[in-house]
Every structure is written in structure tokens, then in C-alpha cells.
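Breakdown of the fold
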Protein chains: 2
Amino acid sequence: MPVRPPATGEDPRIVRSRAIILAAAHDHFVAHGYLGANIDALAEEAGVSKRTVYNIYGGKEELFRAVLDRAIGIAEEFSRELADAMATVGLEGLAVRLVRVLLSDRVVPLRRLLIGESRRFPELAAAYYDRAPGLVMRTLAEHLPTLPGLRIDDPDTAAAHFAFLVVGAPLDRAMFGEQRLGDTELERAALAGVAAFRRAYAAAGNGP
Amino acid sequence: MPVRPPATGEDPRIVRSRAIILAAAHDHFVAHGYLGANIDALAEEAGVSKRTVYNIYGGKEELFRAVLDRAIGIAEEFSRELADAMATVGLEGLAVRLVRVLLSDRVVPLRRLLIGESRRFPELAAAYYDRAPGLVMRTLAEHLPTLPGLRIDDPDTAAAHFAFLVVGAPLDRAMFGEQRLGDTELERAALAGVAAFRRAYAAAGNGP
DNA sequence: CCTACCGATCGGTAGG
DNA sequence: CCTACCGATCGGTAGG
């Protein structure tokens with residue numbers, strides 16, 4: 001998935017520089033934001049000259065978009081893996097995976113960046129939402145009604161309830177940089193969320 | 001040049017300018033972020049000279065902190081009002097108020113700004129979290145066990161579950177700038193969250 | 001001659 | 001309060 005059309009053949013030096021710059025730019029933009037990013041520093045961190053950055057990516061904004069296109073693509077892949085996992089693992093397994101991915105050092109800083117730049121780059125924030133959390137939520141909405149022991153009248157609402165019972169509180173805390181929970185506590189919180197979900201959506205028991 | 005004596009705080013012109021600048025700066029920082037903010041533009045929007053801004057607030061960072069100190073104080077007030085309302089309105093009434101406040105044009109942009117600047121100003125993001133959502137959550141944890149018809153074993157977890165069942169999905173969407181739900185849909189989503197919470201934490205019915 | 005790259009520097013802007 | 005202006009910084013580019 002070439003972010004830019006292969007303007008000049010497939011010179012392995014360019015291919016290599018492109019990947020190196022993209023990785024360094026990701027870290028740099030995540031650390032400093034769009035305006036706070038410095039192409040000189042970024043290029044130095046990537047170990048290439050600034051000119052190379054401009055030759056390959058054209059400019060700061062284009063580089064930023066390339067970085068986020070890739071990051072959103074990766075987030076989409078993770079989301080698809082989560083979606084695939086629904087068929088094989090139970091709700092508890094899904095919850096633990098969900099919380100691990102969303103509270104990871106890959107996702108939290110990316111979400112911070114996209115939220116912080118959502119006025120400057122609204123399409124990027126929207127694309128992320130649609131292709132990552134939105135994808136998970138849509139798949140959940142399809143999957144939940146097929147599970148035994150649950151009664152799901154409104155799949156979209158149930159999917160949102162599951163997701164935010166599992167990750168809501170720790171994720172919101174993390175967005176503000178509050179101390180991240182340890183893995184054990186995260187898992188505990190995720191399972192407590194699943195338990196609450198199962199009680200709320202149990203097939204038997206409390207009829208309408 | 002700035003020969004103004006430190007006997008500030010009494011001069012009504014300063015008091016007035018201070019308030020005008022603070023309000024204009026709030027809008028400006030929320031719209032552009034910290035680095036994107038422009039003191040010349042901000043001063044013009046406030047209708048004062050740039051020099052006045054520096055006379056009163058000293059600099060960009062000090063002005064930013066003053067703006068956010070005030071905004072966090074206001075968010076804390078709202079949270080305290082929500083806390084007070086718990087004694088008089090039911091869970092449904094509380095949920096509707098919660099969703100209205102958190103999804104408002106006052107709170108969503110403030111949260112975006114604080115999250116976006118949470119690396120540059122970690123104490124501000126932490127202060128907001130502690131004094132606004134944290135305060136609501138702590139009060140909820142105290143309040144929920146006193147309500148009839150519910151069985152609350154772990155008040156902190158139950159408080160988090162209530163809050164994120166009610167506002168989780170629409171708030172997360174809103175952070176990424178996705179189209180805000182209408183008041184009717186928001187209220188509907190909030191009440192669906194309360195209904196799920198009541199099922200999950202019903203005192204009678206589904207034993208283990 | 002071309003592509004990739006570097007050292008050096010310019011035009012424009014922002015905080016102060 | 002305004003204009004003018006500084007020291008510094010930064011995105012982007014020309015020469016080699």
C-alpha cells in the first residue's frame with residue numbers, strides 16, 4: 001500500500017528512506033503534535049537529511065498525512081484482528097484483548113494526537129474513528145446477537161455498552177495522561193465490565 | 001517602558017481587561033491549540049492591544065494556564081452541581097444531565113484541548129481529570145450504594161460502569177469530531193445506558 | 001546525465 | 001495603546 005505513487009522506479013535506497021522517515025516521523029509527530037514537530041529534528045532522528053524528507057514526502061503536511069494514513073491503516077488491521085477473534089474467543093477473551101490493544105502505547109498516543117489535531121485535520125480523525133473503533137463496534141453489533149445466553153434487542157447499543165463497560169474508564173483516564181493501570185488491574189477491570197454486560201444482557205431472568 | 005505599578009487588582013480597567021482577555025483567550029486557545037495560538041490575533045479578538053495582554057498576563061504560557069485554571073474551575077463547579085443533583089433526581093435524571101453537560105460545546109472542546117496538550121501540560125490534564133470526571137465518579141461511588149433496588153458490591157467499578165454506559169459512546173465519538181448526536185438521540189442513548197445499568201446491578205433476580 | 005543527498009541559506013512568521 | 005522592530009526559529013529551496 002504505497003502512500004505515494006512510486007514516482008521513481010523502485011530504488012531500494014528510496015524504499016528504505018521512506019520507511020525510516022515514516023517511522024521516525026510517527027514518533028516525532030506523536031511526541032510533539034503537528035505544529036510542534038520540527039522537520040530538522042525529525043530528519044536528524046531519522047538519520048537522513050532534511051532534503052531527503054522533502055524529496056520523498058513533499059512537505060510537512062504531506063508527511064503528517066502519510067504518517068497518519070499508515071497509523072490508521074495499522075489501527076484498522078488491529079481492529080480487524082479483534083473482529084476475527086470474536087468468532088473464536090469468548091466475550092472475556094475479547095475484552096482482555098480489547099483493553100490490551102486500546103490501552104497500549106501504540107493506541108493511546110495516536111488517539112491523543114488525532115483528538116488534538118481534530119480541528120486542523122478533521123478527515124483524519126473521522127477516518128480513524130470510522131476504521132478503528134467504529135469497525136470494532138460494527139463487528140460487535142453483528143456478533144453479539146449470535147452469542148448464546150444473551151438477549152440483544154438493539155445490537156448497536158449493546159455493542160457500545162460492551163465496549164465502554166470494558167475499556168471506558170481506563171481509556172478515558174489514559175487520554176489525560178493519568179497513570180496507566182497495570183496489566184493485572186486492566187484485566188480485572190475488563191472482566192468486571194464483561195460480567196456487568198452479561199448481567200445486563202442475560203437472556204433469562206428479568207423480562208421486560 | 002512598562003511602568004505600571006504592581007498595585008493591580010484594584011484598577012477597574014485592569015479587572016475588566018483581565019476578564020475580556022481571559023474569555024477571548026479561552027476561545028482562541030480552544031480553536032487553535034497552544035502552539036497554534038497567536039497573541040496578536042488573540043489581542044485583536046479581545047479588543048485590546050498585545051501590550052495589554054503581556055502587561056496583565058506576562059506571556060503566552062501564563063495566559064494559557066490562567067485560561068485553563070479558570071476552565072477547570074468551571075468544570076469542577078458543573079461536576080459539583082451534578083454531584084448535588086444526585087440527592088434529588090433519580091439515575092435517569094442524573095444520566096440526562098450528565099450527557100448534556102459532557103457533550104456540550106463547553107466541555108468537548110475543552111477536553112480536546114487538554115488531551116492534545118497533555119504532554120506539554122501534564123499537570124493541567126491531570127487536574128482536570130481529578131476535579132471534573134474524577135469528582136463525578138467519586139461522588140457516584142458514594143451515592144450508588146444508597147439507592148434502593150440496586151446491589152453495589154464495588155462502588156468504584158459500578159460508578160465507572162454507570163458513567164460510561166451513559167456517556168461513553170457519544171463522548172468518544174465527539175472527541176474525534178464526529179457528528180454530534182441530537183438532543184433526542186443523546187437522551188435516548190443515556191436512558192438506554194441507565195436501563196442496562198439497572199439490569200446489571202439489580203438487587204433481586206439473577207443470582208450467580 | 002540522472003537520482004539521491006548534503007551544507008548552507010532564504011523568505012516569512014511568531015513571541016516578545 | 002500603537003507602530004515598529006528585535007532575536008530566534010522554522011518550513012522549504014537553490015547550488016554543488
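Residues numbered from 1 in each chain as written. Chains lettered and ligands numbered in written order. Predicted model: local features only at pLDDT ≥ 70, side-chain atom pairs only at ≥ 80, totals over all residues. Heavy atoms only, no water.

1. A few points about the interface of chain B and chain A
One widely used convention gives an interface's size as the accessible area the parts lose upon coming together. Stated formally: Residue contacts are defined here by distance: any two heavy atoms, one from each residue, within 4.5 Å place the two residues in contact. Two parts lose some accessible area (1.4 Å probe) when they are put together, and adding that loss for both gives the buried area. Throughout this description, the term salt bridge denotes a Lys or Arg side-chain nitrogen within 4 Å of a carboxyl oxygen of Asp or Glu.
On the chain A side, the residues contacting the 39 residues of chain B number 39 residues. Summing the contributions of chain B and of chain A, the shared interface buries around 3600 Å²; its carbon and sulfur component is 60%. For chain B, the biggest contributors to the area lost against chain A are R119, Y129 and F176 of chain B; these three give 21% of the whole. Counting across the interface, chain B meets chain A through 4 salt bridges.

2. Description of the pattern of salt bridges
The test is simple: Helix and strand definitions here come from DSSP, where helices need a minimum of 4 consecutive H or I residues and strands a minimum of 2 consecutive E residues; each element is numbered from the N-terminal end.
Here the structure, examined in full by the defined rule, presents 26 salt bridges over all chains. In this structure, the salt-bridge partner of R188 of chain B is D154 of chain A, at a minimum N-O distance of 3.2 Å. Here R188 of chain B is found in helix 10 (residues 183–200), whereas its partner D154 of chain A is found in the loop between helix 8 (133–143) and helix 9 (155–175) on a different chain. Its salt-bridge partner being R111 of chain B, residue D172 of chain A comes within 2.5 Å of it at the nearest N-O pair.

3. Points about the domain arrangement of chain A
All names here are of chain A. In plain terms, the rule: Domain segmentation is taken from an automatic or database assignment of domains. Between N or O atoms, a polar contact is any pair within 3.5 Å; within protein, one atom must be a potential hydrogen donor and the other a potential acceptor, and residues adjacent in sequence are included only when both atoms are from side chains. Note on residue categories: nonpolar means Ala, Val, Leu, Ile, Met, Phe, Trp, Tyr, Cys or Pro, charged means Asp, Glu, Lys or Arg, and polar means any other residue, Gly included.
As assigned here, chain A comprises domain 1 (7–58) and domain 2 (66–200). Of the residues lining the interface, 10 residues belong to domain 1; the matching set on domain 2 comes to 9 residues. Of the roughly 870 Å² buried between domain 1 and domain 2 on both sides combined, carbon and sulfur atoms contribute 78%. Sorting the residues of domain 1 by area buried against domain 2 places L22, H26 and Y34 first, and these three jointly supply 55% of that buried surface. For the pair domain 1 and domain 2, the number of links is 1 residue pair in polar contact (both at pLDDT 80 or more). Broken down by element, the side of domain 1 that touches domain 2 gets its largest block of residues, 9 residues, from helix 1 (residues 12–36). Here the side of domain 1 that touches domain 2 is built from residues that sort into 8 nonpolar, 2 polar and no charged.

4. Quick word on the layout of surface pockets
If a probe as big as a water molecule is rolled over the atoms, it shows which places are left empty. Quick note on the threshold: In the cavity and pocket records, a cavity denotes points on a 1 Å grid over the protein atoms alone where a 1.4 Å probe fits but cannot get out, a pocket denotes an open set with protein on both sides within 12 Å along at least 5 of 7 lines, and lining residues are residues with an atom within 4 Å of a point. Grid points are joined across faces, edges and corners, and a volume is the space filled by probe spheres set on the points.
By volume, the largest pocket is sized at about 580 Å³. Where the lining of the largest pocket is concerned, the elements lending two or more residues are helix 9 and helix 10 (183–200) of chain A together with helix 7 (122–131), helix 8 (133–143) and helix 9 (155–175) of chain B. Tallying contributions element by element places helix 9 of chain A first for the lining of the largest pocket, with 7 residues. Its residues assigned to classes, the lining of the largest pocket comprises 12 nonpolar, 4 polar and 8 charged.

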